[in-house]
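# Structural features, examined
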Amino acid sequence: MTPEYIVQLGQDTAMLVLYVAGPTLIVALVVGLAVSIFQAVTQVHEMTLTFIPKIVAVAIIVSIMLPWTIRRMVDFTANLFLSIPALVG
């Protein structure tokens, strides 16, 4: 197991995390910003108004992206398992 392999594995893992979590975080950020702007414009400061739209938007994006996310994670795990014999030998 070379240091280059460890660095490449770390980079691949970080990119997978960004690909999997990125869309959900971006949607939550955009919806949160839109709700904050709406609250500032209308001066409605209801506490539940910030959570409900974010929860709904995140649930929708997760359900849409779930097959793609699972495929990426399964491919990464399969490649990781297939590289084990090369590490030992």
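Relevant structure appears above.
Residues numbered from 1 in each chain as written. Predicted model: local features only at pLDDT ≥ 70, side-chain atom pairs only at ≥ 80, totals over all residues. Heavy atoms only, no water.

To continue, consider the environment of Leu 25. Its place among the elements puts Leu 25 in helix 1 (residues 3–42). Look at Leu 25 and you get exposed, because its relative accessible area is 57%. Sequence spacing of Leu 25 and Phe 51 is 26 residues, and the spatial spacing of their C-alpha atoms is 14 Å. (Helix = DSSP H or I, 4+ residues; strand = E, 2+ residues; numbered from the N terminus. Buried < 20%, exposed > 50% of the residue type's maximum accessible area, 1.4 Å probe, protein only.)

Attention now moves to helix 1. Here helix 1 spans 56 Å end to end across 40 residues, near enough to the 58 Å set by a 1.5 Å rise per residue. The largest bend in helix 1 amounts to roughly 40° and is located at Ala 21, with the proline Pro 23 lying one to four residues further along. Within helix 1 the residues assigned to the buried category are Leu 16, Gly 22, Thr 24, Val 31, Gly 32, Val 35 and Gln 39. In this structure, the buried side of helix 1 is in contact with helix 2 (48–82). Trailing helix 1 by a residue or two, Gln 43 shows a phi angle of about 55°, which is positive. (Expected span 1.5 Å × (residues − 1). Bend = angle between axes of the 7 residues up to and from the residue. Contact = heavy atoms within 4.5 Å.)

Next up on the list: the side chain of Ser 83. Mapped onto the elements, Ser 83 comes out in the loop between helix 2 and helix 3 (84–88). A distance of 2.8 Å separates a polar side-chain atom of Ser 83 from the backbone oxygen of Leu 80. (Polar contact = N/O pair within 3.5 Å; in protein donor to acceptor, adjacent residues only side chain to side chain.)

Right, let's talk about unusual backbone geometry for a bit. In this structure, Gln 43 takes a positive phi of about 55° despite not being glycine. Locating Gln 43 in the fold gives a position in the loop between helix 1 and helix 2.

Between helix 1 and helix 2, the least distance of the axes is 9 Å, while the angle of their chain directions is 165°. With respect to each other, helix 1 and helix 2 are oriented roughly antiparallel. As helix 1 packs across helix 2, the resulting crossing turns out to be right-handed. For the contact of helix 1 with helix 2, the per-class residue count stands at 22 nonpolar, six polar and three charged. (Axes fitted to C-alpha atoms, helices over the stretch in contact; angles between N-to-C directions. Parallel < 35°, antiparallel > 145°, perpendicular 65-115°, else oblique. Left-handed = near helix turned anticlockwise from the far one by under 90°. Nonpolar A, V, L, I, M, F, W, Y, C, P; charged D, E, K, R; others polar.)

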